[in-house]
Every structure is written in C-alpha cells, then in structure tokens.
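Residue-level structure breakdown
This is what each chain is made of:
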There are 2 protein chains.
Amino acid sequence: MQISLFVDPNRSKTLQRQVVDQIRRMILTGRLKGGDPMPGSRALATQLGVSRNTVIIAYEHLVSEGYLVVRPNLGTFVTDELPDQSLNATPSGSVPKAAATGRRGPGMLDRIADRAFPVQELRNAAAGRLHTDFWLGRVDPEVFPVAEWRRILDLKLRFGHRALTEYGDPQGLAELRRAIADHLGPARGISCTEQEVVITAGSQEALMLIARAAEGEARVFLHEDPGYGGAIHLCARSGVECRPVPVDREGLIVEALPEEPGAMLYVTPSHQFPTGVTLSLARRLELLAWAERTDSLIVEDDYDGDFRHDGSPLTALRGIDTTGRVLFVGTFSKSLSPVLRIGYIVGTAAAARTLGRWKQLLTNGPPWHMQATLADFMESGAFARHLRRIRRVYHDRRDALIAAIERHFPGSEILGRRGGMHIAWRLPDHRCARRLQRQALMRGIGIYTAEDGGACLSPGNDRHRDLLMLGYAAVPEGRIRAAIADLAAIAGET
Amino acid sequence: MQISLFVDPNRSKTLQRQVVDQIRRMILTGRLKGGDPMPGSRALATQLGVSRNTVIIAYEHLVSEGYLVVRPNLGTFVTDELPDQSLNATPSGSVPKAAATGRRGPGMLDRIADRAFPVQELRNAAAGRLHTDFWLGRVDPEVFPVAEWRRILDLKLRFGHRALTEYGDPQGLAELRRAIADHLGPARGISCTEQEVVITAGSQEALMLIARAAEGEARVFLHEDPGYGGAIHLCARSGVECRPVPVDREGLIVEALPEEPGAMLYVTPSHQFPTGVTLSLARRLELLAWAERTDSLIVEDDYDGDFRHDGSPLTALRGIDTTGRVLFVGTFSKSLSPVLRIGYIVGTAAAARTLGRWKQLLTNGPPWHMQATLADFMESGAFARHLRRIRRVYHDRRDALIAAIERHFPGSEILGRRGGMHIAWRLPDHRCARRLQRQALMRGIGIYTAEDGGACLSPGNDRHRDLLMLGYAAVPEGRIRAAIADLAAIAGET
C-alpha cells in the first residue's frame, strides 16, 4: 500500500520529523485506521525520496509513542488501541458537539484570549519613529554601570556554586534585604531590618502581591486622580471597588478621603505620578492619622524617590508611621534598570513574611543572579556612587529642559521640578496638549499627554488637557534644547 | 532650653541621623510642641558631645522636611503647621479610636499578616542536618554549565547596551521564545511559533497567570489526586471550586472526570507528580476528547518532561491537540536551575498575547539578562549538549537507586522509573513510610512521604501511606548505595 505523504527538504523541520508528524496526524484524523498496515520502510523511503533510515527512525518513534505496533514477521500496523471517540473528535469546528454542551462559539481558551483589559504601557510603540523621545521612565543606557556590574556578576557565578542551583528564600536573598535596609535609613528615614523587607519582581509584582494579600480585608481601593495606571489597572481587576481621590499642588487631598473603615490607599508621595508634586509634611501626618482613624492600609509607592534635585527628600510615610499601617514599595527600575526586575516592599516583619508566602504561592522567589549581584553592588558602595553620578546628570538635564521651556514657551507652568525623572508641563493659554503631541510626533519628537504617559484620569477629570509629561532622564542636554526649540517652531506655525 | 537627647557613637546609625530621628520622634509624639524654640546648635553640640556641624546638618535636614523652621535673628523653632490630630494619633494602641471605627484588635495589615495558608515548600528546612538528601526537584550544582553560562552572559552584558535599560516585551524576549519553539518540536512534538509562547518566572508564575486569566470562565478547577501542591494551593486561593480526580498506573483516570462544561484541568502527563507514571497515549486522546466535549481547558504541566530514561518521550497533549484547548507549561528549573526563574507557556497565539498582557498587568516582563543568555545558550546548541549530559548522569543515578532498593528491600514496588528526577517507592509489607522517614532523618538521610515531598492528597486518600518519594538527581551513586544500605539497617532494627 502507499500512503499520501509529502516531505520538503527545504523546511526547517527534519525529514524524519515531517514523516512522524504527518503519519500521526493521519491516524488522529482517521485517515489511517486502527489495524491498517503501514508501507514497508524501503517502499516508503523510495516513494518519498529519503533514506531508508529516516523512515525506520520515524516508525520507531511512532511505535514508542504507541501510534504504531510491530507484529513480528508481518510488519508495522496502526495500533488498534486508540479510543474511537478521540479519533472522531479531532476534526475541529464540529457544531453538534458545541450544541451538546449547551455552548456555541469559541472554546474557553479563545474566550479567555479575547478578553480585553487595559494595562500600563511601559514601552513606547512609536519609539522607532522618534529622534528625540521624552517617554517617561526611560533611563539612559549610557549611565548603566556595565563594567562594575559585569565584574560582580562574574564573581558571583564563579563562586556562587550551590546558590546557583538551590531554590532561594522566597522572601528574597538575605544579603540583598540587608543592603536595602541599610540604604533606606539615610535615603528615606526608614529604620528597618532585613526581616521587614520582601524582594519582588519590580514594583508591579509588589503591588500585585499586596493586592492579593489584602483581598477580603480591604473594602475599597483608593487611588490618586490623576494617578498611576499600573496600579489602578491592576486593582481594577481585583474585584475590589476602586475610587479616585483628587490631587492638588500639595499632592493627595487628604480631606477628600472617605471616613469609612477598611480602605487600601495607593499613593506616590515622593513625586506624584503624573503631576510630580511632593506630598507635604502636613498632609503626610494627616494621612497617617486618617489611616489610623479608619483602620486603613497605605501603600506608599516611592515613585521616583531616588531623585530629589532641590532640598533633602522628605522622610517616607513608612519612616514616620508608628502604627504599622504603611507598606513601602521601592524599585531599582529607575535607579539602575527596569530589566533587572527587582523591587521590594518594606512592612512589618509579620507582613513581610506573609507577603513572602504570597510570593512563594504565586510566582516563587526572585532569580538569584541579579539579587546576589545587586547585594554586592550596594554593599560595596558602588550603588551610592552610581546614584550620586546619575543624580548630577538628571539634575542638569532637568535644568536644561526647564530653561528651554521658559525661554520658548513663556507663560508655561512647570510642575514636579523638584525631583524625579520627568516634569509635568502646563502649556500657556490652555493650549491643547494632545494636538501639540500629534504635531511633535510628525517631526520625530515624543511628548506625551498625561494619559499617553501612563496616567489614569477619572472620567470627569478634564483639568489636565493642557498638561504634557516629559521624561528627561535619557535625553542629553543638546537634544533637549533642540527639541524644545523645534516644538516652539511647530507651535508657532499653527 | 535643653532637650532630652542621647547619642551613641557605637551604633551603626550616624550621629547626625540619631539626632534627626530623635527630634522628629519628639515632635511627632508631642513632647516638642508647635512653636517651641530649639536649643542653639552650639549648646546642643556641647550637651551631646558631638561636633557643632553634626547638629547644624541635622537641623537643616529637619527644616527641609518641614519639622523645624528658621526665624531670622530669633533661632530655630518647631513648626506651627503640623496638624494637631496627627500629633495625638501617634501614640499607638489607642483603644478609643479603634472603638470609634467599630473595630477592635489589630490593624488591617496585622490581620493580613496573620492569615495562614498552605504553600508549596521548595526548600528543605531540614537540609542542614542531612548528609544524604533525596529532596525532590534538586538539581546537582556540579552539573550546571557555569563556564559556558558565564561566557554568554558576559558577552550579553558587554554588547547588550540598549537592551540593558529598556523595558522588554512583556510576553518575553523574541529570541528566547523562538529558541523554545525550536526546542519543543523535536523534544515534545509541539509545532509552534514564537507568537504562541509566553515567558514566565518559572512554572509557578505560569500557573498563576493562567489561573488569573481563567477567572470568570473556569467554573471548577480539577487536579490529580495525589497531585502537585504548588498548583493546588494556588488554585485553592483563587476562589474557584477545586475538585480532585484520582490517578492510577496509567495516570489521571479520564473516566472519573465530570461531564459538566467549563472546567480547568491541571495535569502532569510526562511524569505524574508524585507517582511518576506517564499518561498513556490512549488516555491522552480520551482527555482531549473530553476537553472538547465539555469545552474545558487543559493545563499541561510538563513536569520532569526533560528526562525520559527509557524509550522516547510521548508527544505532549499540546502537540496532538487540534482544537486549541491545551496550555503547555514548561520550565528550565529542572533542566538548568530553579534560580533562573524562567518558564514558559505555549498556547494559541491569541492566548499567548493575552497571557502576556496579564503578565504585564501583574508582574511585568521577565528580567532581560537571563532571557538573553538562555536564548543564546539554546541557539548555540549548548542546551541540547547539556541535556544529553545530565540525562546520562541522572539515568545512572536512577539505575543505582533502583538496584539498591531491589537488593535491600525485596518486595518493593517502584513507580515512575521511566523518567524524571525522582521515583515513588512503595515499601514492602505496607510498611509505614512516615515512620521510616523519621528514623532516616535521625541518621542524616532525607527521604519523604508524598505529602512531605510536596504532594496534595485529598482527605480520604490514604492509599499512599507506604509510599516514599526519592529525588536522585543531586545524589552521587556512591551516596545513593550507602544511604539505601543504611536505610535497610535502620528498617531491620525495628
């Protein structure tokens, strides 16, 4: 007998693989039936123009999988033992079956795949078309301490040995937690020990773990308006009611918080996302009093907290909280690189332990290489040196950007200038930010409205139509000056 | 005036930091009140026995934080602008406030921290007391390809440049997805493209993403009994009803699956966890027919699928499914190292895209370094070489273990010998596995009951009291032989 096979030597699949796949498919779809004899290996090899060995190995593979059986002295046959219903089930799109289960349309996996939901966009899809891009959260690849990083990572690999293959502590590497605790004292006024720290895959996983852990306890999720999309989209999908709280020039308006008990509040006190304002000390204290009064939980995202250009940083809420109601979330995505995927939570020791168990349950511990390297990088003082260096770089870029805007766009208001890696720029004369963004894009310059920069605004909130967000950390000063001059020319044309 | 401060030059905190923290605390607790004058810097320096500069810098810090104000020609004062309620709120444990909110007892964060729930234990807490440990899932640190890994990783760091600091594709690095797709064709009979693959932080995150994505679609979560704790604990917390399905010598008993629509089934066909049996081809086909009939989703965890010691591996369910109802979950935790935290899901292209969006929403993309290194490691052929090498090593260790058991414990039954990194050992004469485990522990040998090895058994399931699980991948042959001889002596004593 001959069977209808076809092999193509130019495909990336091996010939043998092609034979296996096609015979299997013929059996599964019923074109070859249980008990059917297979052609001899020599005959099939001749038919296909392949070596006999190719066919023999393919047959052996199908025998080992149970599709074919060898009957000594008789030859090779399709097995009789395949269940009939499977053979009939394989042609897809069989309407009667869908009807039998009372369902129509696509299968469960298709329905899962078809669900739409918003997520934070961290990559700029238009980046390829831009010569100057003020996309938020970008760090300058030129400032990454490659040499130091390579040296430490290589040492870790050479001498890491056991750690290279053993599951680590799901709460995170103790050395790294210790280094973070040591860093947070002087940097944020947080006194904590390594027991109070959990290592996470960046701040996004930190928020996910907190949201999961708080399920059933938090009755409402409160967030800044406008606020950070990454946190708001995440919590919106947790099933808990989400409610916006307005932000003004001092940050979150504490008086606007509800007095009902049991809220989880997400707040960015260091450099509010997106407006860039710093939550004042008076507000910080009011906020802690509110949390105690209402038995609420504050999730303090230290967004951009590493970069304070004027004055000292304010002590974190976690540093002045005395009642254990604050979880502090930090990340190395801005100070080093987002591709490290290392962030952390600082809470009470009990909370950190429980969050570590949630991490174990949901995603397991963080990768060892990066934790070990980062721990040494911090302990050796290289991290502090690196921070000092990039603070100077970002400080100068900020100054260049503000000077250029003030020169070319008199009447602008610039928010969030005191820290961080972006400013919020209110255009003069309530000019439409989206329109300027569109015009700039055509000239290869990326500037962003609050929404396109990753902020969530509540539906009624239209107070930010004249607001643009410009991330300056990855744009050299010359580029900044040229781009703002170009923008002025573009704006003047219209 | 003098204030009651105390500094200790022997503490790790700087003197300046100690001054700042203590003054802040005095203000927050009301011991220093709004408008109070601060002592002069010279006087305080003398009082504390520190340099005047220390006090000046501490004062400046507190001024920048807003706790102190400078009135020219008058001196430094506690700010008037702190809100009263915060000052009163800070002494903790204030019962009247708890009563006012209608709540008593600990705060929300304490309640979150106090919640108990089971998680999979991947580290052996007793490891330090053992000279020979058959803990499951351990890989041998001696076989990790350190030199090759260092070489590739260092190249990536030197020439990676932009990739080092840019957010990556949340679905995972395209090169790695391509390398995985290329690997899965010959290794598992899965024909797929990079579009059908999502990179995850090991198989645990893969399961978490699938469980989240399926919420609202899957009406019941079905799992093997006994089955893998990591998956069962995770799904038990998702709010969906969990139901066990028994396992026999051919794997999951497909006839025992419910015929109602809309289930998500978790199954380990390659090397069932914990029994080690391989799901037969007939059952595989029946399972796919069941999934189509009931419109269910199969989550195929390729547990231990890299190690098939006798015969060829069976084609994965995902490789023979023609209706898009299988999500295949793989990991590099066993073939390379669990500390890489790299796993993946193979589904339809639409499902992979959506799962990538869930990843973006929940934990963001995977770290770049390890993905880029692994992609090159696979493409260069080093991964295939490494697999061949460790298969030989693990094969020989398996043989040594089985021979030792058959010699010292005649009448034993050994399950799951054909593949994987562990065997399930049914003791002769229904001997109590837990008792032998306890006795072995006292002699420094780690052997594990199904439950202690990470399996979940349904409450009524007591068919595995005589079952021990022994992971052999990280134990050299001489150690294996000596340990089993020791066990025989221990067992003979009782």
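The shown structure was predicted, so the numbers you read here are calculated from the model rather than taken from an experiment.

Calculation criteria
- Residues numbered from 1 in each chain as written.
- Chains lettered and ligands numbered in written order.
- Predicted model: local features only at pLDDT ≥ 70, side-chain atom pairs only at ≥ 80, totals over all residues.
- Heavy atoms only, no water.
- Helix = DSSP H or I, 4+ residues; strand = E, 2+ residues; numbered from the N terminus.
- Rg over C-alpha atoms; globule rule 2.2 N^0.38 Å.
- Buried < 20%, exposed > 50% of the residue type's maximum accessible area, 1.4 Å probe, protein only.
- Lys, Arg positive; Asp, Glu negative; His and termini not counted.
- Charge placed at Lys NZ, Arg CZ, Asp CG, Glu CD.
- Domains from an automatic or database assignment.
- Least-squares fit on C-alpha atoms with pLDDT ≥ 70 in both.
- Contact = heavy atoms within 4.5 Å.
- Phe/Tyr/Trp six-rings, centres within 6.5 Å; stacked < 30°, edge-to-face > 60°.
- Lys NZ or Arg CZ within 6 Å of the ring centre and 35° of its normal.
- Salt bridge = Lys/Arg side-chain N within 4 Å of Asp/Glu carboxyl O.
- Polar contact = N/O pair within 3.5 Å; in protein donor to acceptor, adjacent residues only side chain to side chain.
- Nonpolar A, V, L, I, M, F, W, Y, C, P; charged D, E, K, R; others polar.
- Expected span 1.5 Å × (residues − 1).
- Disulfide = S-S within 2.5 Å.
- pLDDT = per-residue confidence, 0-100.
- Pairing = 2+ DSSP bridges.
- Right-handed = clockwise from strand over helix to strand, strands pointing away.
- Axes fitted to C-alpha atoms, helices over the stretch in contact; angles between N-to-C directions.
- 1 Å grid on protein atoms, 1.4 Å probe; cavity = no way out; pocket = protein on both sides within 12 Å on 5 of 7 lines; lining within 4 Å.
- Points joined across faces, edges and corners; volume = space filled by probe spheres on them.
- Patch = residues over 30% accessible without salt bridge, like charges linked within 9 Å, V, L, I, M, F, W, Y side chains within 5 Å.
- Areas by Shrake-Rupley, 256 points an atom, 1.4 Å probe, with all protein chains shown as cover.
- Core = buried A, V, L, I, M, F, W, Y, C linked by side-chain atoms within 4.5 Å.

Here the focus is the overall build of chain A. If you tally the helices and strands in chain A, you get 17 helices and 18 strands. Here the C-alpha radius of gyration of chain A, 30 Å, is well above what a compact globule of 494 residues would show, namely 23 Å. Principal axes of the C-alpha set define a box for chain A whose edges measure 90 × 60 × 55 Å. Here chain A holds 494 residues, and 61% of them are scored as buried. Here chain A holds 62 positive side-chain charges and 57 negative ones, and the gap between their average locations is 5 Å.

Often, the extent of an interface is quoted as the loss of accessible area on bringing the components together. Segmentation of chain A into domains returns domain 1 (15–95), domain 2 (127–138 + 385–493) and domain 3 (145–380). Here the C-alpha centroids of domain 1 of chain A and domain 2 of chain A sit 64 Å apart.

Laying chain A over chain B is done by rotating through 180 degrees and shifting 0.0 Å along the axis; what remains is an RMSD of 0.1 Å. Here the two chains are linked by the operation of a two-fold rotation axis. Residue Asp154 of chain A, judged by its C-alpha, is the member of chain A lying nearest the rotation axis, at 3.8 Å. Take the interface residues of chain A: 99% of them recur as interface residues in chain B, which is what a same-surface contact looks like.

This paragraph deals with the packing of aromatic side chains. Enumeration over the complete set of coordinates arrives at 24 aromatic pairs over all chains. Both rings, one in Trp149 of chain B and one in Phe377 of chain B, keep their centres 5.4 Å apart while their planes meet at 70 degrees; by these two values the pair is edge-to-face. Placement of Trp149 of chain B in helix H7 (residues 146–160) and of Phe377 of chain B in helix H14 (residues 368–379) is noted, with a sequence separation of 228 residues between them. Each member of the pair Trp149 of chain B and Phe377 of chain B is classed as buried. Between the aromatic rings of Phe273 of chain B and Tyr303 of chain B, the centroid separation amounts to 5.1 Å while the plane-to-plane angle is 85 degrees, which identifies the pairing as edge-to-face. Note that Phe273 of chain B is positioned in the loop between strand S9 (263–267) and helix H11 (281–294) and Tyr303 of chain B in the loop between strand S10 (297–301) and helix H12 (317–320), a separation of 30 residues in sequence. Residues Phe273 of chain B and Tyr303 of chain B agree in their burial class; the two are buried. Through successive ring pairs, a cluster of aromatic residues spans Phe144, Trp149, Phe328, Phe332, Tyr344, Phe377 and Phe383 of chain A. Over the aromatic face of Phe77 of chain A sits the side chain of Arg71 of chain A, whose NZ or CZ is 4.5 Å from the ring centroid.

The next subject is the interface of chain A and chain B. Listed as interface residues are 133 residues of chain A and, on the opposing side, 132 residues of chain B. Taken together, the links from chain A to chain B amount to 6 salt bridges. Viewed at the interface, chain B and chain A are joined by 34 residue pairs in polar contact (both at pLDDT 80 or more). A per-class count over the side of chain A that touches chain B returns 57 nonpolar, 40 polar and 36 charged.

Next up on the list: helix H1 (residues 15–28) of chain A. Note on helix geometry: an α-helix contains 3.6 residues per turn, so any two residues three or four positions apart are oriented the same way. Residues and elements named next belong to chain A. Helix length check: H1, at 14 residues, gives a terminal C-alpha distance of 20 Å against a target of 20 Å (1.5 Å per residue), a fit within 8%. In terms of burial, H1 is largely enclosed, as 10 of its 14 residues are buried. Within the span of H1, buried status applies to Arg17, Gln18, Val19, Val20, Asp21, Ile23, Arg24, Met26, Ile27 and Leu28. Gly30 sits one or two positions beyond H1 and adopts a positive phi of about 85 degrees.

Residues and elements named next belong to chain A. This structure, assessed with the given rule, holds 0 disulfides over all chains. Of all cysteine sulfurs, the one in Cys242 lies closest to Cys235, which takes part in no disulfide; the gap is 5.9 Å. Distance from the sulfur of Cys456, which forms no disulfide, to the nearest cysteine sulfur (Cys242) is 9.5 Å. Judged by its relative accessible area of 16%, Cys456 falls in the buried class.

In this model, helix H8 (residues 174–188) of chain A (15 residues) spans 20 Å end to end at C-alpha, consistent with the 21 Å of a helix rising 1.5 Å per residue. Among the residues of H8 of chain A, Leu176, Arg177, Ala179, Ile180, Ala181, His183, Leu184, Gly185, Ala187 and Arg188 of chain A are the ones counted as buried. Along its buried surface, H8 of chain A packs onto strand S4 (197–200), strand S11 (326–331), strand S12 (343–346), helix H14 (368–379) and helix H15 (382–408) of chain A together with helix H1 (15–28) of chain B. Downstream of H8 of chain A by a residue or two, Gly189 of chain A has a phi angle that is positive, lying close to 70 degrees.

Residue and element names in this part refer to chain A. On average, chain A scores 89 in pLDDT, and the residues at 70 or more come to 95%. Every residue in residues 85–104 scores below 50 in pLDDT, and together they form 32 contacts with partners more than four places removed in sequence or on other chains. Complex prediction metrics read pTM 0.87 and ipTM 0.87.

Further remarks concern the pairing of S9 of chain B. Residue and element names in this part refer to chain B. In terms of residue burial, S9 counts as a mostly covered element, since 5 of its 5 residues are buried. Neither face of S9 is open: one carries Ala263, Leu265 and Val267, the other Met264 and Tyr266, and all of them are buried. Two elements, strand S5 (residues 220–225) and S9, share 4 bridges in a ladder whose sense is parallel. Bridge pairing in S9 links Val220 to Ala263. Sheet topology note: the S9/S10 ladder contains 4 bridges and is parallel. Bridge pairing in S10 places Val267 opposite Glu300. Taken together, S9, H11 and S10 form a β-α-β motif whose crossover is right-handed.

All names here are of chain A. Ordered in space as S4-S12-S11-S10-S9-S5-S7-S8, the 8 strands form an open sheet in which the pairing is mixed. Of all strands in the sheet, those with a lone pairing partner are S4 and strand S8 (251–252), marking the two edges. Pairing geometry for strand S7 (residues 241–248) and S8, over 2 bridges, is antiparallel. For Asp248, the partnering residue across the bridge sits in S8 and is Gly251. Packed on one face of the sheet, H8 meets S4, S11 and S12 and runs near 110 degrees to S4. Running over the sheet, helix H10 (residues 229–236) touches strand S5 (220–225), S7 and strand S9 (263–267) and is turned about 155 degrees from S5.

Our focus in this paragraph is the sheet that holds strand S13 (residues 413–415) of chain A. Residue and element names in this part refer to chain A. The strand order across the open sheet formed by 4 strands is S13-S14-S18-S16, and the pairing between neighbours is antiparallel. Taken across any chain shown, the strands that pair with only one partner, and hence form the sheet edges, are S13 and strand S16 (448–449). Of the strand pairs in this sheet, S13 and strand S14 (residues 422–426) are connected by 3 bridges, and their pairing is antiparallel. Across the sheet, the residue bridging to Glu413 is Arg426, located in S14.

Empty space within the largest pocket amounts to approximately 790 Å³. Every residue lining the largest pocket is counted, 27 residues in all, and those nearest its centre are Gly185, Pro186 and Ala187 of chain A together with Thr14 and Arg17 of chain B. No other element matches H8 of chain A, which puts 6 residues into the lining of the largest pocket. Its boundaries defined by the atoms lining it, the second largest pocket holds a volume of some 640 Å³. Elements represented by at least two residues in the lining of the second largest pocket include exactly strand S3 (132–133) of chain A together with helix H8 (174–188) and H14 of chain B.

Let's shift gears to the pairing of S14 of chain A. Consecutive residues of a regular strand have side chains that alternate between opposite faces of the sheet. Residues and elements named next belong to chain A. Counting buried positions along S14 gives 5 out of 5 residues, so the element sits mostly inside the fold. Side-chain alternation along S14 places His422, Ala424 and Arg426 on one buried face and Ile423 and Trp425 on a second face that is also buried. In sequence, S13 turns back onto S14 through a hairpin of 6 residues, with Gly416 there showing a positive phi of about 70 degrees. As defined by bridge partners, S14 adjoins strand S18 (residues 467–471) across 5 bridges and the pair is classed as antiparallel. In the strand pairing of S18, Trp425 is matched with Leu468.

So, on to a positive patch on the surface. Residues and elements named next belong to chain A. On the surface, Arg385, Arg388, Arg389 and Arg392 cluster together into a positively charged patch. Among the secondary structure elements, Arg389 is positioned in helix H15. For Arg389, a relative accessible area of 39% puts it in the partly exposed group.

Here we take up the nonpolar core. Counting residues in each nonpolar core, the largest one holds 134 residues, and the members touching the most others are Trp149 of chain A together with Trp149 of chain B. Setting aside residues up to four positions removed in sequence, Trp149 of chain A forms contacts with Phe144, Leu336, Leu340, Met370, Thr373, Leu374 and Phe377 of chain A together with Leu157 and His369 of chain B. Core analysis: the second largest hydrophobic core is formed by 87 residues, Ile112, Ala213, Ala231 and Tyr266 of chain A among them.

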